[in-house]
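Okay, here's what each chain looks like letter by letter:
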Amino acid sequence: RPRASSSGRRDVARRMRTLAACLALLALPAVGRAAAALSKTEMTAMLKTIDVRQRNSGDWKSQVYMESHERDKTDTVYEMLVFRRDQDQKLMFLFTSPKQEAGKGYLRLDRNLWMYDPKVGKWERRTERERIGGTDSRREDFDQSNLAGEYDPEDRGLEKLGAFSVRHLKLTVKPDVDVAFPVTELWIDEASGNVLKRQDFALSGRLMRTDYYPRWKKIFSESKQADVWFPEEMRFYDEVDKANSTLIKILAIDLHPLEANLFTKAWLESKSR
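Novice: Can you break down the confidence of the model for the chain residue by residue, with the values?
Specialist: Confidence in the prediction of the chain, expressed as mean pLDDT, is 89, and 87% of residues score 70 or more. Across residues 26–35, confidence stays below pLDDT 50; counting only partners more than four residues off in sequence or on other chains, it has 30 contacts.

Here's what the structure looks like:
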């Protein structure tokens, strides 16, 4: 369902409108930093809480809607299915729309990310920086959260983000861990414990992407016997080419057990025929 592209002033106007919608909840200026700092143990516990709340002890299937806006290109709407098995750290994406993308997929096996294109009938290994479907999203945006295992935290203090009181943390990737961005900053709502804003940086310190999570939801998991939290809406803004952005909405969640052999190349290929 492609829509007409926007360029020049229309690109800027659209970006401003979208930002305004997010910033009704999350204002960009973060002021009022407090002097008191958390210990590393306290920060790690905070990250572990985020990780645990978003994990499911069983399987996960979600229906995902994505809008991709790129400079000088037709805006495109995608739909895909995301499958997870958190116990085994398995993950799969299967595009279902638009027609020219249907059947394309990604599969993570043994910490390696593979992409399958049915047009050429072959698999190619991808890095953690892979833009899923060419959008501003990455693998980790849909995977189980592992902030405590992948990053060392540094406290930047308490701040105000719009009407929210937030804890600002700087995260630096641990040695020998492969992630899309080696340095990340989080703004965590003190009341709910949810991440409201995130910024991703290159090793050089250059800001690469700004993310907003304006809406969170929870669903009860029978296998976990507890709620699983997920961002119902995610907005990613490319800070290198500021005309590019991606909107993601989680349309539906299913936590029932998946087929045992689903996380295989053969299964994904069968859905592309």
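Still more to cover.
Novice: Residue-level account of the pairing of strand β2 (residues 59–69), with values.
Specialist: Counting buried residues along β2, 9 of its 11 residues qualify, which places the element largely inside the surrounding structure. Sheet topology places β2 next to strand β3 (residues 76–85); 10 bridges connect them, and they run antiparallel. In the sheet register, tyrosine 65 faces β3, and the bridge partner there is glutamate 79. Following β2, the chain reverses through 6 residues before pairing antiparallel with β3; aspartate 72 in that reversal takes a positive phi of roughly 60°.

Novice: So what about the pairing of β3? Which residues, and what values?
Specialist: Regular strands place side chains that alternate from one sheet face to the opposite one. Along β3, 9 of the 10 residues are buried, which leaves the element largely enclosed by surrounding structure. Relative to strand β4 (residues 90–97), β3 runs antiparallel, the two sharing 7 bridges. Bridging across to β4, phenylalanine 83 finds its partner in methionine 92. Between β3 and β4, which pair antiparallel one after the other, the connecting turn spans 4 residues, and glutamine 89 there sits at a positive phi close to 55°.

Novice: So what's going on with the nonpolar core? Which residues, and what values?
Specialist: Counting residues in each nonpolar core, the largest one holds 37 residues, and the members touching the most others are Val64, Met66, Met80, Phe93, Phe142 and Ile248. The leading source of residues in this core is strand β13 (residues 226–238), at 5 residues.

Novice: Explain the environment of methionine 208 to me, using residue names and the numbers behind them.
Specialist: Along the chain, the position of methionine 208 falls in strand β12 (residues 207–221). Taking the C-alpha atoms as reference points, methionine 208 and valine 240, separated by 32 residues in sequence, lie 5.9 Å from one another. Ignoring any residue separated from it by four or fewer positions in sequence, one finds methionine 208 in contact with Arg129, Phe181, Asp200, Phe201, Ala202, Tyr237, Asp238, Glu239 and Val240.

Novice: A description of unusual backbone geometry should follow, citing residues and the corresponding values.
Specialist: Backbone torsion omega between serine 97 and proline 98 reads 0°, so that peptide bond is classified as cis. Residue position: proline 98 is located in the loop between β4 and β5 (105–109). The phi angle at aspartate 110 is positive, at roughly 50°, despite the residue not being glycine. By the element assignment, aspartate 110 lies in the loop between β5 and β6 (112–117). Look at arginine 111: it is not a glycine, yet its phi comes out positive at around 70°.

Rules used in this analysis
- Residues numbered from 1 in each chain as written.
- Predicted model: local features only at pLDDT ≥ 70, side-chain atom pairs only at ≥ 80, totals over all residues.
- Heavy atoms only, no water.
- pLDDT = per-residue confidence, 0-100.
- Contact = heavy atoms within 4.5 Å.
- Buried < 20%, exposed > 50% of the residue type's maximum accessible area, 1.4 Å probe, protein only.
- Helix = DSSP H or I, 4+ residues; strand = E, 2+ residues; numbered from the N terminus.
- Pairing = 2+ DSSP bridges.
- Core = buried A, V, L, I, M, F, W, Y, C linked by side-chain atoms within 4.5 Å.

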